Amino acid sequence: MKVLKFGGSSVSDARRIQDVAQIILASRKRDKVIVVVSAFQGITNQLLSAARRAESGDPAYQSLYREIMDRHTSITKSLLTGRPRGTTLKRIDALLRDLNDVLHGIFLLRYASPRVLDLTASFGEQLSATIISSFIAHSHPALYVDARSFIVTDDQYMRAGILFDATNKKTQKYFKELMKSGGSRAIPVVTGFIGATEDGRTTTIGRSGSDFTATIIGAALNASVIEIWTDVDGILSADPRAVPSAFVLPHVTYEEAMELSYFGARVLHSSTITPAAGHQIPILIKNTLNPGAPGTLVSSRKELWEGVAKGITSIDDIILFTLRKTSNVGAASAADRLFTALASANVHVILISQASSEHTICLAITKSDAERARRAIQKEFELELQARLLALDEKQDQAIVAIVGDGMIGTPGVSGKVFQALGRNNINISAIAQGASERNISFVVGSAQKVRALNVIHQAFFEKRKRLDLAVIGVGNIGGALLRQLHQQRNVLLDQGFDVRVCCLANSTKYVIDADGISLSHWREALSRSDRVMNPQKLAGELGKLEFANLAVVDCTASSEIVNTYFDFVRANAHIVTPNKKANVLPWKQYNELTDLIRARQKFFLYEANVGAGLPVISTLRDLVASGDTIVRIDAILSGTLSYLFNHYDGTQPFSSLVLKAHELGFTEPDPREDLSGQDVARKLLILGRQLGLKMDLKDIRAQNLVPARLRSGPFSPLFYAAYASHDSTMKRKLDHARAAGAVLRYVGTLHGKSASAGIKEISANHPFFATKGSDNILAFTTHRYSHTPLVVQGPGAGADVTAMGVFSDLLKLLNYLPY
């Protein structure tokens, strides 16, 4: 025999009730069943609201009553026809008249005692069980069963306690007699939620009481299983409204389920589990909207589970009280007095954290209990508080987060993993507690950080792949190439355990955000359809609100405005990955503030493509330093444009004509004077210098400008080339001088000691830079280790694809840096 319970949205309307009936009848073909039902969805709230309005003298209670009447009548008419409809409507009408009498009495007396409120609330289950039993009886014998006949409680109205000895005896007797009286084939449909005192007064057994009714009956009758049919697929690893990646847990133990329930999981109430656990009866959580889903089995069996944790849950609207010793007052006696005072005030303490020094005691209490707690503490410690021997602190707007799992018991490093994940994501913890069972770790955080904490912990413990969300700003040549590479490598990344999603795209005029990820097959259409006007600060704010566990802003622009918003992005808990050099060449004070903030927020700032596009320049330099080597000097050809010009300048055509050709081929900036100024080389030298810890600014780097002073100012126009031709003879003399010495001309940047410079140099035939080709970048690292033969890095130093590859490489590094 099994017990089936139905409630929530599964009994919200006629169509859902038809689905429920099919499930019941299918189960009855295999086993004998007892069905427990709750009130139709929302009816209990409407009943209590009507009672409160009647108590306040508001005639509007009659409108609520009519809504309740109309809904039950309408459902009955939709489900039944002929004589069954007429019979059921008469029974419904009788119940509704009784309800009306109760509400009218409250209205006349202007008073609704807890006992009367329980009586009012009981009509919801009486009405639903009447209708559902009548509908099932149309296909199979069924009986309406009033749980007040055997559920015996105390008289603590609105949350009555079960008198189990009396309840078990009466339940067994009731159903034994029911079977004997010819009801063995009939399906009993029992009212959930309600019971009665020993002298027959109606009580309710608390919210989620219908689940409790089912497990009480199942335990008393030694059922094979208790099935709780609701509107979710089972117990989830987290609340999916906060953690989109939450998944259904196939199995949890009774203890795990009770811990999850205590700390806010709403599928089962902890009191519901106790009767079943006491008799080792499994509970199966199923979904009436998806009956084919396997659901979650709650039992005593400890099955193999890949992780140490089973679920993470939370409680909102918490106030953290801290009783703090300010003088040598006996803390032990203070603790005893504190808990006694709170218990006397009927205050429910959810979490306790006490320092081993006995200096402070922290209590997490729901907002609804806070005022009673405050008064109780202030009354108990009135003298000590007045004398300032003790202080009472309060922290508002807190939330409790709990991570639960039997696998945590005896497993080292679990707490470290929790708090490392929180720390890396800048989540501040107000209090910590762990029970002696080691089955759960609970901590208190600010409400504003709760969703982020849930996602961070869920990713750390439950997700098989590291997820990284990207906000790509700048979708031109480099950004477009990066998006293409991400799209092409999607399956490869997944196979490596990385789930990389682009959640945001932005250009200079608009942006689009999708927390679930933007399709990289149609990203242009998604961006063009967006009506969000690009504003970097607003974008940072929106990204911060999404509470991604791992977010990286990928800046593929050359914009100073975006760089100035890096501070906002980092405060929104984003890593920064960029080929944009402007952040790394900010004035020293601003640069220092940015890097300090990045370190303080424990974020990564990756910019391999700042120097050498896709070449491993920054990483090579970092590895040399990290391995204990000392950098003596760096010589480098760092401009793709200048590399092309001097690799092709052989005197057969004037230098100005070669610049024009490079411009026509797209190898220069729109204004080639930017390339010829040497400032791009200077910026890259500054970046390398700062990597070595040098405190320098752009003004400290001497860069030879290949544009005569008279041609440097004013807007660029094609007339520049004719004017620049006057400089050709100077360049030809330099070339001839180099050739006479068996050398070539190269534009080289040098970092030596604490100084940096860049300019035209004659390169001899035995130098690594002599044979450079095309627009290659090349760097020679002279170090203590590489003192005779420098370490050389050479390759393409420009182009959208190779630069995007450098950015992609940084993303791979970031994925490997992030903890599992």
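See the structure shown above.
Since this is a predicted model, take the numbers as computed values, not measurements.

### Structural notes on the overall build of the chain
So, step 1. The number of helices and strands found in the chain is 29 helices and 30 strands.
So, step 2. For the chain, the spread of C-alpha atoms along the principal axes amounts to about 120 × 75 × 55 Å.
So, step 3. Within the chain, residue pairs in contact and separated by at least 24 positions form 73% of the contacts whose partners lie at least 6 positions apart.
So, step 4. Averaging the locations of the 93 positively and 77 negatively charged side chains of the chain gives two centres separated by 2 Å.

### Quick word on the sheet that holds strand S23 (residues 574–577)
Backbone-to-backbone hydrogen bonds pair the strands of a sheet. The strands run either parallel or antiparallel.
So, step 1. Read across the open sheet, the 7 strands follow the order S21-S20-S19-S18-S22-S23-S24; overall the sheet is mixed. Both outer strands of the open sheet, strand S21 (532–533) and strand S24 (605–606), are each paired with one neighbouring strand and no more.
So, step 2. Across 5 bridges, the pairing between strand S18 (residues 466–473) and strand S22 (residues 551–555) is parallel. Considered in S22, the bridge of Val 472 is made with Val 554.

### Section: the packing of aromatic side chains
So, step 1. Taken as a whole and assessed by the stated rule, the structure comprises 21 aromatic pairs.
So, step 2. With 5.7 Å between their ring centres and 40° between their planes, Trp 588 and Tyr 591 make a pair best called tilted. Taken as a pair, Trp 588 and Tyr 591 lie in helix H21 (residues 588–600) at a separation of 3 residues, close to a single helical turn.
So, step 3. Tyr 591 gets classed as buried once you look at its relative accessible area, which sits at 8%.
So, step 4. Three or more aromatic residues link up through ring pairs in this structure, and these residues are Phe 646, Tyr 649, Phe 655, Phe 716, Phe 720, Tyr 721 and Tyr 724.

### Re the pattern of salt bridges
So, step 1. Inspection of every chain in the model, using the stated rule, returns 37 salt bridges.
So, step 2. Here Arg 532 makes a salt bridge to Glu 542, at a shortest N to O gap of 3.3 Å. Of this pair, Arg 532 sits in strand S21 while Glu 542 sits in helix H18 (residues 536–545); the two residues are 10 residues apart in sequence, bridging distant segments of the chain.
So, step 3. Overall, Arg 532 belongs to the partly exposed group, its relative accessible area being 31%.
So, step 4. The shortest N-O distance in the salt bridge between Asp 697 and Arg 690 comes to 2.8 Å. Each member of the pair, Asp 697 as well as Arg 690, is classed as buried.
So, step 5. A network of salt bridges, in which partner residues are shared, links Glu 371, Arg 374, Arg 375 and Glu 394.

### Some remarks on helix H4 (residues 82–109)
So, step 1. In this model, H4 (28 residues) spans 41 Å end to end at C-alpha, consistent with the 40 Å of a helix rising 1.5 Å per residue.
So, step 2. Regarding H4, the residues found buried are Thr 88, Ile 92, Leu 95, Leu 96, Leu 99, Val 102, Leu 103, Ile 106 and Phe 107.
So, step 3. On the buried face of H4, the contacting elements are helix H2 (43–55), helix H3 (61–79) and helix H5 (114–137).
So, step 4. Within two residues after H4, Arg 110 carries a phi angle of roughly 55°, on the positive side.

### Some details on the sheet that holds strand S25 (residues 631–637)
So, step 1. Taken in spatial order, the 6 strands of this open sheet run S26-S28-S27-S25-S29-S30, and their pairing is mixed. The strands lining the two open edges of the sheet, one partner per strand, are strand S26 (701–703) and strand S30 (791–796). Between one strand axis and the next, the sheet turns through 20° on average, direction left out of account.
So, step 2. Sheet analysis places S26 next to strand S28 (residues 755–763), joined by 3 bridges and oriented parallel. Residue pairing across strands places Ile 701 opposite Ala 756, the latter belonging to S28.

### A look at the nonpolar core
So, step 1. Membership of the largest hydrophobic core comes to 80 residues, with the highest contact counts inside it found for Leu 539, Leu 543, Phe 569, Leu 676 and Leu 688.
So, step 2. Apart from residues no more than four positions distant in its own chain, Leu 676 is found in contact with Leu 642, Leu 645, Phe 655, Val 659, Gln 704, Asn 705, Leu 706, Val 707, Phe 720 and Tyr 724.
So, step 3. Ranked by size, the runner-up nonpolar core spans 51 residues in total, among them Ile 23, Leu 47, Leu 48 and Ile 131.

### Description of the packing of helix H22 (residues 617–626) against helix H26 (residues 679–691)
So, step 1. Running from N to C, H22 and H26 point in directions that differ by 25°, and their axes come no closer than 10 Å. In terms of orientation, H22 and H26 fall into the roughly parallel class. Between H22 and H26 the crossing geometry is right-handed. In this structure, H22 uses Val 617, Ile 618, Leu 621 and Arg 622 to contact H26, whose residues at the interface are Ile 687, Leu 688 and Gln 691.

### Regarding the environment of Pro 275
So, step 1. Relative to the assigned elements, Pro 275 resides in helix H9 (residues 270–278).
So, step 2. The class for Pro 275 is buried, based on a relative accessible area of 6%.
So, step 3. The spacing of Pro 275 and Ala 219 is 56 residues in sequence and 5.8 Å in space, taken between C-alpha atoms.
So, step 4. Residues within four places of Pro 275 in sequence aside, it is in contact with Phe 164, Phe 212, Thr 215, Ile 216 and Ala 219.

### Quick word on the packing of helix H1 (residues 14–30) against H3
So, step 1. At their nearest, the axes of H1 and H3 sit 9 Å apart, and the two run at 55° to each other. One element, H1, and the other, H3, form an angle in the oblique class. Every pair of crossing elements has a handedness; the one defined by H1 and H3 is right-handed. Of the residues in H3, those in contact with Ala 14, Ile 17 and Gln 18 of H1 are Ile 75, Ser 78 and Leu 79.

### A few points about helix H7 (residues 209–220)
So, step 1. Helix length check: H7 (12 residues) gives 16 Å between terminal C-alpha atoms against 16 Å at 1.5 Å per residue, within 8%.
So, step 2. For H7, every residue scored as buried is listed here: Gly 209, Ser 210, Asp 211, Phe 212, Thr 213, Ala 214, Thr 215, Ile 216, Ile 217, Gly 218, Ala 219 and Ala 220.
So, step 3. In the segment just after H7, Asn 222 is the residue with positive phi, at about 55°.

### As for a nonpolar patch on the surface
So, step 1. A cluster of nonpolar side chains, contributed by Leu 108, Leu 109 and Tyr 111, occupies part of the molecular surface with about 380 Å² of accessible area.
So, step 2. As for its placement among the helices and strands, Tyr 111 is situated in the loop between H4 and H5.

### Focus on the side chain of Ser 314
So, step 1. Its location among the elements puts Ser 314 in strand S12 (residues 311–325).
So, step 2. Residues in contact with Ser 314, not counting those within four places in the same chain, are Phe 263, Gly 264, Ile 400, Val 401, Lys 450 and Leu 454.

### Details of the side chain of Asp 555
So, step 1. Within the secondary structure, Asp 555 sits in strand S22.
So, step 2. Comment: no salt bridge for buried Asp 555; closest opposite-charge side chain is Lys 582, at 9.3 Å.
So, step 3. Setting aside its immediate chain neighbours within four residues, Asp 555 contacts Ile 473, Ile 562, Val 563, Tyr 566, Val 577, Thr 578, Pro 579 and Asn 580.

### Structural notes on the pairing of strand S11 (residues 296–299)
A regular strand places its side chains so that they alternate between the two faces of the sheet.
So, step 1. Where strand S9 (residues 251–253) and S11 come together, 3 bridges link them in parallel fashion. Within S11, the position partnered with Val 252 by the bridge is Val 298.
So, step 2. Pairing between strand S10 (residues 283–287) and S11: 3 bridges, direction antiparallel. Each bridged residue has a counterpart across the sheet, and for Leu 284 the counterpart in S11 is Leu 297.

### Some details on the environment of Ser 12
So, step 1. In this fold, Ser 12 is placed in the loop between strand S1 (2–6) and H1.
So, step 2. Within the structure, Ser 12 has its side chain in polar contact with the backbone oxygen of Ser 9 (distance 2.9 Å).

### Topic: the pairing of strand S29 (residues 776–783)
So, step 1. Burial within S29 is extensive, with 8 of its 8 residues counted as buried.
So, step 2. The side-chain alternation of S29 yields two buried faces, one formed by Asp 776, Ile 778, Ala 780 and Thr 782 and the other by Asn 777, Leu 779, Phe 781 and Thr 783.
So, step 3. Two elements, S29 and S30, share 6 bridges in a ladder whose sense is antiparallel. Paired with Asn 777 across the two strands is Gly 795, which belongs to S30.

Parameters at a glance
Residues numbered from 1 in each chain as written. Predicted model: local features only at pLDDT ≥ 70, side-chain atom pairs only at ≥ 80, totals over all residues. Heavy atoms only, no water. Helix = DSSP H or I, 4+ residues; strand = E, 2+ residues; numbered from the N terminus. Contact = heavy atoms within 4.5 Å. Lys, Arg positive; Asp, Glu negative; His and termini not counted. Charge placed at Lys NZ, Arg CZ, Asp CG, Glu CD. Pairing = 2+ DSSP bridges. Phe/Tyr/Trp six-rings, centres within 6.5 Å; stacked < 30°, edge-to-face > 60°. Buried < 20%, exposed > 50% of the residue type's maximum accessible area, 1.4 Å probe, protein only. Salt bridge = Lys/Arg side-chain N within 4 Å of Asp/Glu carboxyl O. Expected span 1.5 Å × (residues − 1). Axes fitted to C-alpha atoms, helices over the stretch in contact; angles between N-to-C directions. Core = buried A, V, L, I, M, F, W, Y, C linked by side-chain atoms within 4.5 Å. Parallel < 35°, antiparallel > 145°, perpendicular 65-115°, else oblique. Left-handed = near helix turned anticlockwise from the far one by under 90°. Patch = residues over 30% accessible without salt bridge, like charges linked within 9 Å, V, L, I, M, F, W, Y side chains within 5 Å. Areas by Shrake-Rupley, 256 points an atom, 1.4 Å probe, with all protein chains shown as cover. Polar contact = N/O pair within 3.5 Å; in protein donor to acceptor, adjacent residues only side chain to side chain.

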